[in-house]
Amino acid sequence: MGYRILTIEDIPKFLGSLEEMRNIFSDFNCLEVVEVGDGNLNYVYLIKNSKNPQETVVLKQAVPYLRVVGESWPLKRERMTIEIMALQKEIELCPEHVPEVYYGSHEMSLVIMENLSSHKVLRGEIIQGKIFRNFAEHITTFMAEVLFKTSDLYLDHQTKKEMVSKYINYDLCKITEDFVFTTPYEKHETNVYNQELTEEDLNFIQQDRDLKIAVAEMKYKFMNNAESLLHGDLHIGSIMVNENETYVIDPEFSFYGPMGFDVGAVIGNLLMSYFSHEYRQKLLGREPYVYRKWLLDTIESVWIKFAEKFETLWIEEQLSNPQLAWNYPEGEQHFKVLRESFIARLFSDTVGFAACKMMRRILGLAKVADIAEIEDLQERARIERMTLKLGKIMVIERDSIKDIGEVLNLAKELSPLV
Ligand code: SR1
Ligand code: MG
């Protein structure tokens with residue numbers, strides 16, 4: 001079967017032709033298909049048996065262009081091959097936080113997976129001011145398991161190098177290199193700004209020596225530090241939640257890169273949510289304190305729990321597989337020093353990448369709804385300026401910021417928690 005772009009009308013027949021769907025659907029004549037994707041890249045459909053809505057799947061297909069722009073922006077559909085492989089690896093390492101995959105076709109560039117029908121996209125839920133008490137616990141388990149167990153700290157030398165080459169993702173890495181690390185920091189035709197931002201606001205980022213150098217350093221790290229298999233786009237729109245469960249979706253940007261890029265994505269997005277809720281909680285008719293405190297506590301927990309879980313996995317790995325390297329009287333202490341310096345460097349990367357992820361959402365092409373959908377453009381610009389200021393400090397000062405508490409204090413200086 002050659003590649004073809006499926007339409008809503010085609011999908012029931014296509015599903016009916018798949019052996020794997022016979023375990024899911026009892027009847028292919030009553031399938032309801034709705035297009036649900038509002039992402040930038042792909043088409044996503046929700047399919048249900050109208051007579052038995054428990055029988056349901058999600059189908060995601062990559063087209064040979066960027067969905068949000070159209071055929072004028074070609075993008076190889078083979079990105080789905082990476083997404084399918086990344087989902088399979090994540091399921092192997094952390095099945096409790098990844099949707100089940102029922103069928104994947106590299107030829108058709110599509111994947112059919114579990115419909116998380118009782119879960120919603122975290123960004124939308126946060127915009128509405130909902131609290132998820134288990135989120136930090138869950139997302140840190142996912143990140144620690146996947147980032148540790150795909151790194152050289154866990155894999156043997158050959159497997160790791162084979163993985164690096166298997167997950168080469170030229171096209172989507174180029175999107176990140178351009179839209180996270182390049183165009184937002186220059187005058188570029190693809191940038192989109194709130195009209196209330198002034199030339200001075202733009203130059204504050206686009207013409208500052210220290211910032212330009214710091215962002216260039218982060219870009220080089222992104223392109224050269226093949227540490228672990230990353231999700232590659234772990235913003236809060238790539239996470240689905242309900243009160244009890246958390247699922248990570250959409251790993252099409254997956255590749256071998258620096259671990260701090262994923263951790264920074266989560267933290268940078270939550271910092272933007274914190275700023276946006278200075279305004280949003282008032283819109284919802286609430287005092288902002290409780291919700292914004294939960295956001296700050298969550299950011300703190302994301303770093304602290306991630307670092308603890310990552311270190312625990314490393315210690316367990318050493319105990320199960322003791323290396324001669326630390327097998328001498330002071331070896332345990334020396335191993336501890338290595339772990340501390342590794343995690344301090346990972347923290348600096350996390351802060352630097354979080355900063356880039358924040359600034360790009362204000363000045364670059366792709367926005368976050370938390371801020372971009374604030375209708376009062378002056379209020380939006382006020383929140384955007386805070387985001388730019390914090391991003392600038394974080395990326396320039398990333399090596400001297402000592403802990404996550406200091407990041408939160410900087411956020412609170414720009415937008416007091418009251
Ligand atoms: C042109 S694509 C823009 C962004 O959408 C994705 O979610 C990634 O974040 C990418 O940078
Ligand atoms: Mg995505």
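Residues numbered from 1 in each chain as written. Chains lettered and ligands numbered in written order. Predicted model: local features only at pLDDT ≥ 70, side-chain atom pairs only at ≥ 80, totals over all residues. Heavy atoms only, no water.

## Description of the domain arrangement of the protein chain
Stated formally: The domain boundaries here were taken from an automatic or database domain assignment. Throughout, buried area stands for the accessible area (probe radius 1.4 Å) lost by two parts on being put together, summed over both. Take a side-chain nitrogen of Lys or Arg and a carboxyl oxygen of Asp or Glu: if they are within 4 Å of each other, that pair is a salt bridge. Counted as a polar contact is a pair of N or O atoms within 3.5 Å, where, for protein atoms, one must be capable of donating a hydrogen and the other of accepting one, and residues adjacent in sequence contribute only when both atoms are in side chains. Note that Gly is not counted as nonpolar here; it falls among the polar residues with everything else outside the nonpolar set of Ala, Val, Leu, Ile, Met, Phe, Trp, Tyr, Cys and Pro and the charged set of Asp, Glu, Lys and Arg.
Domains assigned within the protein chain are domain 1 (11–114) and domain 2 (120–414). Averaged C-alpha coordinates put domain 1 and domain 2 at centres separated by 27 Å. Carbon and sulfur atoms supply 69% of the area buried between domain 1 and domain 2, which totals about 2200 Å² over both sides. A per-residue breakdown of the area domain 1 buries against domain 2 is headed by I82, L93 and H97, which together make up 29% of the total. At the boundary of domain 1 with domain 2, the tally comes to 3 salt bridges. One salt bridge connects E252 with K60, and the closest N-O pair in it is separated by 3.6 Å. Applying the counting criterion to the domain 1 and domain 2 interface returns 5 residue pairs in polar contact (both at pLDDT 80 or more). For the side of domain 1 that touches domain 2, the class distribution of residues is 12 nonpolar, 3 polar and 8 charged.

## Things to note about the sheet that holds strand 7 (residues 110–114)
Formally: A pair of strands counts as paired when DSSP detects no fewer than two bridges linking them. The secondary structure listing takes helices from DSSP runs of H or I that are at least 4 residues long and strands from runs of E that are at least 2 residues long, numbered from the N terminus. Throughout, an axis means a line fitted to C-alpha atoms (over the contacting stretch in the case of helices), and angles, computed between N-to-C directions, take values from 0 to 180 degrees.
Read from one edge of the open sheet, 5 strands run 1-2-3-7-6, paired in antiparallel fashion. Each edge of the sheet is formed by a strand with only one pairing partner; in this case those strands are strand 1 (31–35) and strand 6 (101–105). Averaged over all adjacent pairs, the angle separating strand axes in this sheet is 20°, with direction ignored. Note that strand 3 (residues 52–61) and strand 7 share 5 bridges and pair antiparallel. Paired with V58 across the bridge in strand 7 is M113.

## What about empty space enclosed by the protein?
To be explicit about the condition: Put simply, the grid is 1 Å and covers the protein atoms alone, a cavity is a trapped set of points that fit a 1.4 Å probe, a pocket is an open set with protein on both sides within 12 Å along at least five of seven lines, and lining residues have an atom within 4 Å of a point. Grid points are joined across faces, edges and corners, and a volume is the space filled by probe spheres set on the points.
Inspection of every chain in the model, using the stated rule, returns 1 cavity of 30 Å³ or more. As a volume, the largest cavity reaches approximately 40 Å³. For the lining of the largest cavity, the residue count by class is 7 nonpolar, 1 polar and 2 charged.

## As for the side chain of E145
Let me state the cut-off plainly: The contact rule is simple, with two residues in contact once any of their heavy atoms fall within 4.5 Å.
Inspection of the secondary structure assignment puts E145 in helix 4 (residues 135–149). Engagement of the side chain of E145 in a polar contact is seen with the side chain of K149, the distance being 2.9 Å. The residues contacting E145, other than those within four sequence positions of it, are L93, C94 and L313.

## Comments concerning the site of ligand 1
As a reminder of what qualifies: Consider each residue's heavy atoms; a residue with any of them within 4 Å of a molecule or strand counts as near. A molecule is said to be in a cavity or pocket once over half of its atoms fall within 2 Å of that pocket's grid points.
In the vicinity of ligand 1, the contacting residues are N40, L66, I175, F179, D233, H235, F253, R360, R361, L365 and A366. Here an oxygen atom of ligand 1 sits 2.6 Å away from a polar atom, N or O, in the side chain of R360. With respect to the detected pockets, ligand 1 is housed in the largest pocket. Within the residue set of the shell around ligand 1, elements represented by two or more residues are helix 6 (170–179) and helix 11 (331–363).

## Brief notes about helix 13 (residues 377–397)
Put simply, the test is: Given the number of residues in a helix, its expected span is that number minus one, multiplied by 1.5 Å.
Along its 21 residues, helix 13 runs 30 Å from first to last C-alpha, staying within 8% of the 30 Å computed at 1.5 Å per residue. Near the N-terminus of helix 13, the side chain that reaches the backbone nitrogen of Q378, with its oxygen 3.0 Å away, is that of D376.

## Focus: the pattern of salt bridges
Condition: Remark: exposure states derive from per-residue accessible area (1.4 Å probe, protein chains only) relative to the maximum for the residue type, with buried under 20%, exposed over 50%, and partly exposed in between.
Here the structure, examined in full by the defined rule, presents 32 salt bridges. When the shortest N-O distance is used, the salt bridge between E137 and K309 registers 2.9 Å. Taken together, the positions of E137 in helix 4 and K309 in helix 10 (residues 289–320) put the pair 172 residues apart, joining distant regions of the chain. E137 gets classed as partly exposed once you look at its relative accessible area, which sits at 34%. Here K309 falls in the buried class, since its relative accessible area comes to 19%. For the salt bridge of E217 with R398, the shortest nitrogen-to-oxygen distance reads 2.8 Å. Here E217 is found in helix 8 (residues 209–224), whereas its partner R398 is found in the loop between helix 13 and helix 14 (404–414), with 181 residues between them in sequence. In this structure E217 comes out as partly exposed when scored by relative accessible area, which is 40%. Overall, the relative accessible area of 8% leaves R398 in the buried class. Through salt bridges with shared partners, a single ionic network connects K60, E83, D250 and E252.

## Things to note about the packing of helix 11 against helix 13
The following threshold applies: Oblique is the label for any angle not under 35 degrees, not over 145, and not in the 65 to 115 range, which are roughly parallel, roughly antiparallel and roughly perpendicular in turn. For a crossing to be left-handed, the near helix must be turned anticlockwise from the far one by less than a right angle; the clockwise case is right-handed.
Helix 13 packs onto helix 11 with a crossing angle of 150° between their chain directions and a minimal axis gap of 8 Å. For the element pair helix 11 / helix 13, the angle class is roughly antiparallel. Here the hand of the crossing between helix 11 and helix 13 comes out left-handed. Across the interface between the two elements, V351, G352, A354, A355, C356, M358, M359, I362 and L363 from helix 11 touch E384, T387, L388, L390, G391, K392, M394 and V395 from helix 13. The residue inventory of the contact of helix 11 with helix 13, partitioned by class, reads 12 nonpolar, 3 polar and 2 charged.

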